[in-house]
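Analysis of the macromolecular model
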Amino acid sequence: MQSIKLQVWDTAGAEQFQSLTSSYFRRAHAVVLVYDVNNRNSFSSLGRWMMEVDRLAPAEVVKMVVGAKDDSHGGETAVSSEEAAAFASKHGALCERCSAQDGTNVQDMFKRCAVKIVRNGFDPDGKPPKAAVSLATSTTAPKRSKCC
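To start, this report covers the structure provided alongside it. Predicted, not measured: the structure shown is a model, and the values here were computed from it.

What follows is about the side chain of Ser99. Mapping Ser99 onto the fold places it in the loop between strand E4 (94-97) and helix H5 (106-119). Judged by relative accessible area, Ser99 falls into the buried class, the value being 0%. Engagement of the side chain of Ser99 in a polar contact is seen with the backbone nitrogen of Gln101, the distance being 3.4 Å.

Structure follows, in structure tokens:
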């Protein structure tokens with residue numbers, strides 16, 4: 001089993017970060033586009049973001065579409081699982097739903113993304129890709145630097 005470190009940047013889709021995100025796309029091993037399953041507008045904006053990923057990210061970048069706030073667990077939402085899966089499939093992306101509120105599928109989503117990153121050949125140690133990946137989790141908050 002191989003452990004890898006994921007560095008996650010969250011711009012919350014804010015327009016003021018668009019120029020910043022394009023520089024991150026160029027060096028990304030994966031891009032996770034998140035929408036709110038209860039907000040059709042957040043899903044509708046994914047097309048524009050996916051165009052940016054396709055334009056700026058490496059061809060082998062792992063793309064994942066994630067429906068967040070899936071707290072209803074099968075209840076009615078503004079965006080169906082089928083619609084999201086069709087969008088993801090059209091763009092060659094993985095598709096997941098999760099809930100940060102109750103922790104449903106959050107770790108599995110990151111693990112699935114990490115496995116795909118390794119399978120695509122992104123390996124910082126230069127070793128052959130392996131399918132088994134473990135994610136280290138911590139229950140303590142990261143230490144903050146006293147600088148600045």
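Let us look at the packing of aromatic side chains. Per the counting criterion, the structure on display carries two aromatic pairs. Ring plane angle 70° and centroid distance 5.0 Å describe the contact between Tyr35 and Phe43, whose orientation is recorded as edge-to-face. Grouping residues by exposure puts Tyr35 and Phe43 together as buried. Seen in terms of ring centroids, Phe43 and Phe87 are 5.6 Å apart; in terms of plane orientation they differ by 65°. Their pairing is edge-to-face.

Cut-offs and rules
- Residues numbered from 1 in each chain as written.
- Predicted model: local features only at pLDDT ≥ 70, side-chain atom pairs only at ≥ 80, totals over all residues.
- Heavy atoms only, no water.
- Helix = DSSP H or I, 4+ residues; strand = E, 2+ residues; numbered from the N terminus.
- Buried < 20%, exposed > 50% of the residue type's maximum accessible area, 1.4 Å probe, protein only.
- Polar contact = N/O pair within 3.5 Å; in protein donor to acceptor, adjacent residues only side chain to side chain.
- Phe/Tyr/Trp six-rings, centres within 6.5 Å; stacked < 30°, edge-to-face > 60°.

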